[in-house]
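A structural walkthrough
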Amino acid sequence: MAPTLYMVYPSPPVRAVLMTAKAIGLDLNLKEVGLLSNDHLKSDYLKLNPQHTVPTLVDDNGFTIWDSHAIMTYLVTKYAKDDSLYPKDPEKRALVDQRLHFESGIVFARLLRITKPLLVQRKGTIDKRDLDDMIEAYTFLERFLQGKKWATGDFVTLADYSLGASISSIGVLVPIDPKKFPNVTVWLKRLENLSEYEANRDGLALFSLIFKNRLSKL
Ligand SMILES: N[C@@H](CCC(=O)N[C@@H](CS)C(=O)NCC(=O)O)C(=O)O
């Protein structure tokens with residue numbers, strides 16, 4: 001039996017998990033959660049994940065874990081044929097972990113500060129402070145990528161899927177200027193050429209549709 005992933009396609013963290021599963025050749029049983037109908041706030045879902053977020057993974061033995069970063073490292077540790085996406089070497093792993101925490105604590109947190117008001121409060125604009133903070137996050141990533149092919153070095157890791165899902169998404173609302181951010185621009189293009197990036201495409205298109213539509217309602 002395949003592990004079950006509770007998900008919605010537009011969610012960047014969900015897409016990071018989908019890219020991971022595709023990369024390691026793991027089939028997932030996908031269950032869409034009705035966020036708009038608040039299904040994630042109902043008792044059945046809260047029993048699975050009291051934090052009521054997607055993605056949430058239930059493995060075939062019943063083991064349940066949420067947060068994309070925890071899910072991705074779990075899936076690679078348990079199901080991948082080798083450790084290339086999440087190296088066992090302490091220094092290489094520490095670099096991947098640093099980037100995953102950067103995605104979680106900086107990039108996704110700042111993305112949410114932009115997308116939540118658009119979606120929940122139906123605002124039609126992005127505050128300048130939130131725009132500036134996102135640009136600062138791009139600047140950090142630009143520096144991390146200096147002299148590197150991928151987020152941590154010469155090889156694709158989970159850091160690329162996690163950052164790639166979020167950066168490709170927020171780039172729709174806060175454009176990534178290729179002159180100011182050449183490393184980020186080239187890295188995203190490189191990511192788009194990977195076969196596992198296919199798992200990001202449809203959800204990204206939906207994300208784009210939802211949020212561009214909100215902004216155009218000015
Ligand atoms: N850090 C979490 C973020 C998960 C998250 O906030 N997901 C959003 C969708 S993109 C969600 O489930 N929102 C509904 C809620 O928080 O109630 C992760 O990486 O999984």
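Structure: above.
Note on numbering: residues in each chain are counted from 1, in written sequence order. Restriction of local features to residues with pLDDT of at least 70 applies here, the model being predicted, together with a cutoff of 80 or more for giving and counting side-chain atom pairs; totals for whole chains, interfaces and linings are based on all residues. Excluded from the side-chain calculation are hydrogens and water; included are all heavy atoms of the structure.

Moving on, we get to the sheet that holds strand S2 (residues 29-32). The strands that make up a sheet are held in pairs by hydrogen bonds between backbone atoms, and each pair lies either parallel or antiparallel. By the convention used here, strands pair only if DSSP detects at least 2 bridges between them. Segments assigned H or I by DSSP are reported as helices when at least four residues long, segments assigned E as strands when at least two residues long, and all are numbered from the N terminus. Spatial strand order, S2-S1-S3-S4: four strands in an open sheet with mixed pairing. The sheet is open, and its two edges are formed by S2 and strand S4 (64-66), each paired on a single side. Shown here is a sheet whose adjacent strand axes are inclined to one another by a mean of 20°, direction ignored. As judged from the three bridges shared by strand S1 (residues 4-7) and strand S3 (residues 56-58), these two strands associate in the antiparallel manner. Each bridged residue has a counterpart across the sheet, and for Leu5 the counterpart in S3 is Leu57. Note on method: axes are straight lines fitted to C-alpha atoms, helices fitted across the in-contact stretch only, with angles between N-to-C directions ranging 0 to 180 degrees.

We define proximity as follows: a residue is near a molecule or strand when any one of its heavy atoms falls within 4 Å of that partner. In the region of the ligand, the neighbouring residues are Ser11, Pro13, His40, His52, Thr53, Val54, Pro55, Asp67, Ser68, His69 and Phe108. Between His40 and the ligand, the recorded distance is 3.3 Å, taken from a side-chain N or O atom to an oxygen atom. We call two N or O atoms a polar contact when they sit within 3.5 Å, provided that within protein one can donate a hydrogen and the other can accept it, with sequence-adjacent residues counted only if both atoms are side-chain atoms. One of the backbone N or O atoms of Val54 is found 2.8 Å from an oxygen atom in the ligand. To measure how exposed things are, a 1.4 Å probe is used in the Shrake-Rupley method; for residues, cover is taken only from the protein chains shown. About the coverage of the ligand: the protein hides 79% of its 510 Å² of free accessible area. A cavity here means a set of points on a 1 Å grid, drawn over the protein atoms and nothing else, where a 1.4 Å probe fits but cannot get out; a pocket is an open set with protein on both sides within 12 Å along at least five of seven lines, and a residue lines either one if it has an atom within 4 Å of a point. Think of it this way: if more than half of a molecule's atoms are within 2 Å of a pocket's grid points, that molecule is in the pocket or cavity. Placement of the ligand is best described as lying within the largest pocket. Three classes are used: nonpolar for Ala, Val, Leu, Ile, Met, Phe, Trp, Tyr, Cys and Pro, charged for Asp, Glu, Lys and Arg, and polar for all others, with Gly counted as polar. Of the residues in the shell around the ligand, the class split is four nonpolar, six polar and one charged.

The next subject is helix H5 (residues 128-144). Expected span, for any helix, means 1.5 Å times one less than how many residues it has. Under the 1.5 Å per step criterion, the end-to-end length of H5 is 24 Å for 17 residues, consistent within 8% with the ideal 24 Å. Where H5 is concerned, the buried positions are Asp130, Asp133, Met134, Ala137, Tyr138, Leu141 and Glu142. Considering only its buried residues, H5 is in contact with helix H4 (90-119), helix H6 (158-170) and helix H7 (182-192). Remark: exposure states derive from per-residue accessible area (1.4 Å probe, protein chains only) relative to the maximum for the residue type, with buried under 20%, exposed over 50%, and partly exposed in between. Working rule for contacts: check all heavy atoms of both residues, and any pair within 4.5 Å makes them a contact.

Let's shift gears to the layout of surface pockets. Grid points are joined across faces, edges and corners, and a volume is the space filled by probe spheres set on the points. Of the voids in this model, the largest pocket is the one considered here, and its volume is about 1300 Å³. Listed by contribution, the elements that provide at least two residues to the lining of the largest pocket are helix H1 (12-24), helix H3 (68-79), H4, H6 and helix H8 (198-216). Among the elements that make up the lining of the largest pocket, the one with the highest residue count is H4 (eight residues). Classifying every residue of the lining of the largest pocket by side-chain character gives 20 nonpolar, 14 polar and five charged. Empty space within the second largest pocket amounts to approximately 220 Å³. Asp83, Ser84, Pro87, Lys92, Leu95, Val96, Thr152, Gly153, Asp154, Phe155 and Thr157 together form the lining of the second largest pocket.

Moving on: the environment of Val107. With respect to the helices and strands, the residue Val107 is situated in helix H4. The class of Val107 is buried, set by a relative accessible area of 0%. Placed 56 residues apart in sequence, Val107 and Leu163 show a C-alpha to C-alpha distance of 7.8 Å.

Patch membership requires more than 30% relative accessible area and the absence of a salt bridge. Residues of like charge join within 9 Å; the nonpolar side chains Val, Leu, Ile, Met, Phe, Trp and Tyr join within 5 Å. Criterion for a salt bridge: a side-chain nitrogen of Lys or Arg within 4 Å of a carboxyl oxygen of Asp or Glu. Taken together, Leu119, Val120, Leu206, Leu209 and Ile210 make up a surface patch of nonpolar side chains, about 430 Å² in accessible area. Ranked by the residues each element gives to the nonpolar patch, the list is headed by H8, at three residues. Tracing the backbone shows Ile210 in helix H8.

Let's shift gears to the packing of aromatic side chains. Centre distance within 6.5 Å is the pairing criterion for rings of Phe, Tyr and Trp, where only the six-membered ring of Trp is used; planes under 30 degrees apart are then read as stacked, over 60 as edge-to-face, and the remainder as tilted. Applying the stated rule across the entire model yields six aromatic pairs. Members of the aromatic cluster, connected to one another through ring pairs, are Phe102, Phe140 and Phe144.

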